[in-house]
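# What the coordinates show
Chain residues, written in single-letter form:
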Protein chains: 2
Amino acid sequence: MFEPTIKDIARLCGVGVSTVSRAINNHPDINPETKEKILRTIEEYGYVPNNSARNLKRSDAKAIAVLVKGMSNLFFANMIEIIEGECKKKHYSMELSYIEADEDEVDMAQRLVKEKRLRGIIFLGGMFAHSEEKLKKLSVPFVFSTAGAIPENISKSLYSNIGVDDRRESRRMVDYLIGLGHRRIAIIVAEAEEGQSIGRLRLEGYYDALRESGIEVNPGLVCHVSQKMIPFSMESGYLAAKKLLAGGEEFTALYAVADTLAIGAERALYEAGLSVPDDVSVSGYDGIELANYITPSLTTVRQPIEKMARETARLLFDIISGKRQHQHIVYEAELLERESAKAVDLRK
Amino acid sequence: MFEPTIKDIARLCGVGVSTVSRAINNHPDINPETKEKILRTIEEYGYVPNNSARNLKRSDAKAIAVLVKGMSNLFFANMIEIIEGECKKKHYSMELSYIEADEDEVDMAQRLVKEKRLRGIIFLGGMFAHSEEKLKKLSVPFVFSTAGAIPENISKSLYSNIGVDDRRESRRMVDYLIGLGHRRIAIIVAEAEEGQSIGRLRLEGYYDALRESGIEVNPGLVCHVSQKMIPFSMESGYLAAKKLLAGGEEFTALYAVADTLAIGAERALYEAGLSVPDDVSVSGYDGIELANYITPSLTTVRQPIEKMARETARLLFDIISGKRQHQHIVYEAELLERESAKAVDLRK
């Protein structure tokens, strides 16, 4: 592989080394055409400004990557801000990469580790089925955070995992709605087709609660976000609720497995002339900041976002520096009774 | 400076090189105590796994940094997702760093460029007064995006700038409210004390509109977010509106210079027993997705978020590769008439 030096670039462009330097450093004292020619040549030959003094400094640079499965999910936006703050405290930089729903985050991580000087990886959200063999190939420590359940056949010594018990917390929310007298409880879920995803676990919690209370599951009340949509966006919640309403099944409560989905769904209810909570009680999951400011404020399951995000970053740094082994931490969530859900009106 | 090799680490720990390798690569076949010892030693002596084969690959890695001034601002969360998508298309990785309100983003950028192999920088939001001298020291190209006005005394050949005309678009919103018959229009602003920040420019637009319509400015209706708060968060809007209401000045319309602030303010109005838009019309600025889903939907000035974010990234890549010179692009925003603002009720 030809690795050009700054002298090679100067020679190729027929200019002096100092002119190449001016082009690279975006110095104003250079003819724009010459500059363009130099920058194109640099791009073409893959030259990387690379003197040894710089490299010495650079070898101190420490970075981790955060791979997020979940665009447009405000829950993650908040987690990312907190994780970045922890990185800064440790003088780490943070690379951020969003993974499309149909991309494989472990493949992506492998590519990143090969290309970059990464010390560790955080997987945020949407962990699906990966083989132990594949995870073993990752040559830096990694922590799964709010990523659902990791398959039992993967050795726990390989990875850390931080989150809440999604199945149990989801069940708690549905129990609460049942306790308010609701029997016809609709649910909006996303990614529930996929292994032990958070979507799947939250749907299982819904089934658990109904079963325990002797309420038969009505498949017409289980509404899946279209797989073509961004799973946890407001738009997805809005369209799912439209579909649910068009289906014609009656319900007195609607539980969405993410606050963003619930907020979108509330808009669809409003447009259908239904009032929250007078006609339909609505509840969400996550406890994003917004859920507290909209009116009616959203009844939800609050994950300890701040605590989880801080611990995710700190744990990764501790593993990198050998202070701790891999951990598997389950936090308690909190049911927040707010304005969007109320006791069912039995006169209706 | 002592730069240890893998052999040094092995010697220091009294183990073989292959054991150090297993510790680094997080291999399960290693005694946990040995592993811990090795990782501690690595941390202590600053060893970086660094064989030449790896480095060859790594020299292809290209990265930019996005420095964001504005925590908890959903507008930026959206921009960041789109910019990251553009980075991926160009095989760049994206480092994300949040700048505290009292931090200097140019100092931060300088530090990052020194430490990392960065090819360019995007400054998102909150550009305040920087000297030309300081900006010249940045040795990679940079683009300011939605960062307010850059002082006139800084050479335009030094930087790119992408955004809307905040003063004009803000004025357009206040003109609209005046057109609806409102005369007592309150405003919630953030960071308006700072030079040509977006907050300042949007406040100037408010003054322009009132002046043009012959409405005297009532200082009791100009409410600044506390400088101790995160400037563009919902909580800040909520607390500012509380303060405004406690001040006792009457108003029929409330304009907040960001949608997040408007949503927080609406909650305060609701808690004070005021209905939007029947008692008070409310409008925001930005056009985040959420503004369309809450009820009443928020009247706002929509910045072309997607277009601006894409162009910010593409322009930076074009400058890096010499395809384009620095650009100064002003996009048109769009006034979205939604449910939260209506004509003033003259009978009141």
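To start, this report covers the structure provided alongside it. Model, not experiment: these values are computed from the prediction. Numbering of residues starts from 1 in each chain and follows the order in which that chain's sequence is written. Each chain gets a letter, beginning with A, and each ligand a number, beginning with 1, in the order they are written. At least 70 in pLDDT is required for a residue's local features to be given in this predicted model, at least 80 for side-chain atom pairs to be given and counted, and no such filter applies to totals for whole chains, interfaces and linings, which use all residues.

## Section: the overall build of chain A
Heads up, the rule is: Strands here mean DSSP runs of E at least two residues long; helices mean DSSP runs of H or I at least four residues long; both are numbered from the N terminus. In this scheme every C-beta is placed from the backbone, and a residue whose C-beta has 20 or more other C-beta atoms within 10 Å is buried, one with 12 or fewer is exposed, and one in between is partly exposed. Any pair of residues counts as being in contact when their C-beta atoms, constructed from backbone geometry, are within 7 Å of one another.
For chain A, the helix and strand inventory stands at twelve helices and twelve strands. Counting only C-alpha atoms and orienting by the principal axes, one finds that chain A spans roughly 90 × 45 × 30 Å. Looking at chain A residue by residue over its 348 residues, the buried ones come to 50%. Long-range pairs, those at least 24 residues apart, make up 70% of the contacts in chain A with a sequence separation of at least 6.

## Side note on the packing of helix α1 (residues 6–13) of chain A against helix α3 (residues 32–45) of chain A
Residues and elements named next belong to chain A. Put simply, the rule is: Only the stretch in contact is used when a helix axis is fitted, and all axes are lines through C-alpha atoms; the angle between N-to-C directions ranges over 0 to 180 degrees. Angle categories: roughly parallel below 35 degrees, roughly antiparallel above 145, roughly perpendicular from 65 to 115, and oblique for all the rest. The handedness criterion is simple: a crossing whose near helix is rotated anticlockwise from the far helix by less than a right angle is left-handed, and one whose near helix is rotated clockwise is right-handed. Gly falls in the polar group here, along with every residue not listed as nonpolar (Ala, Val, Leu, Ile, Met, Phe, Trp, Tyr, Cys, Pro) or charged (Asp, Glu, Lys, Arg).
Relative orientation of the contacting elements α1 and α3 amounts to 125°, with a least axis distance of 10 Å. In terms of orientation, α1 lies oblique with respect to α3. Every pair of crossing elements has a handedness; the one defined by α1 and α3 is right-handed. Residues Ile 9, Leu 12 and Cys 13 of α1 lie in contact with α3, whose contacting residues are Lys 37, Ile 38, Thr 41, Ile 42 and Tyr 45. Residue composition of the contact of α1 with α3, by class: six nonpolar, one polar and one charged.

## A few points about the relation of the copies chain A and chain B
The test is simple: Superposition of the copies used a least-squares fit over C-alpha atoms from residues whose pLDDT is at least 70 in both.
You can overlay chain A on chain B at an RMSD of 0.1 Å; the transform is a turn of 180° with a shift of 0.0 Å along its axis. Such a combination of rotation and displacement between the chain copies is what one expects of a two-fold axis. Looking at the rotation axis and the C-alpha trace of chain A, the residue lying nearest is Glu95(A), at 2.1 Å. Most of the interface of chain A is mirrored in chain B, where 98% of its interface residues again form contacts.

## Here we look at the sheet that holds strand β8 (residues 253–256) of chain A
All names here are of chain A. Our working definition: Think of it this way: DSSP has to see at least two bridges between two strands before they count as a pair.
Strands sit in the order β7-β6-β8-β9 across an open sheet of four strands; the sheet is parallel. Strands with a single pairing partner mark the edges of an open sheet, and in this sheet they are β7 (222–224) and β9 (281–283). On average, adjacent strands in this sheet sit at an angle of 15° to one another, irrespective of strand direction. With four bridges joining them, strand β6 (residues 185–189) and β8 adopt parallel strand pairing. Bridge pairing in β8 places Ile 188 opposite Ala 256. Packing against the sheet, helix α10 (residues 234–247) makes contact with β6, β7 and β8, and its axis sits at approximately 140° to β6.

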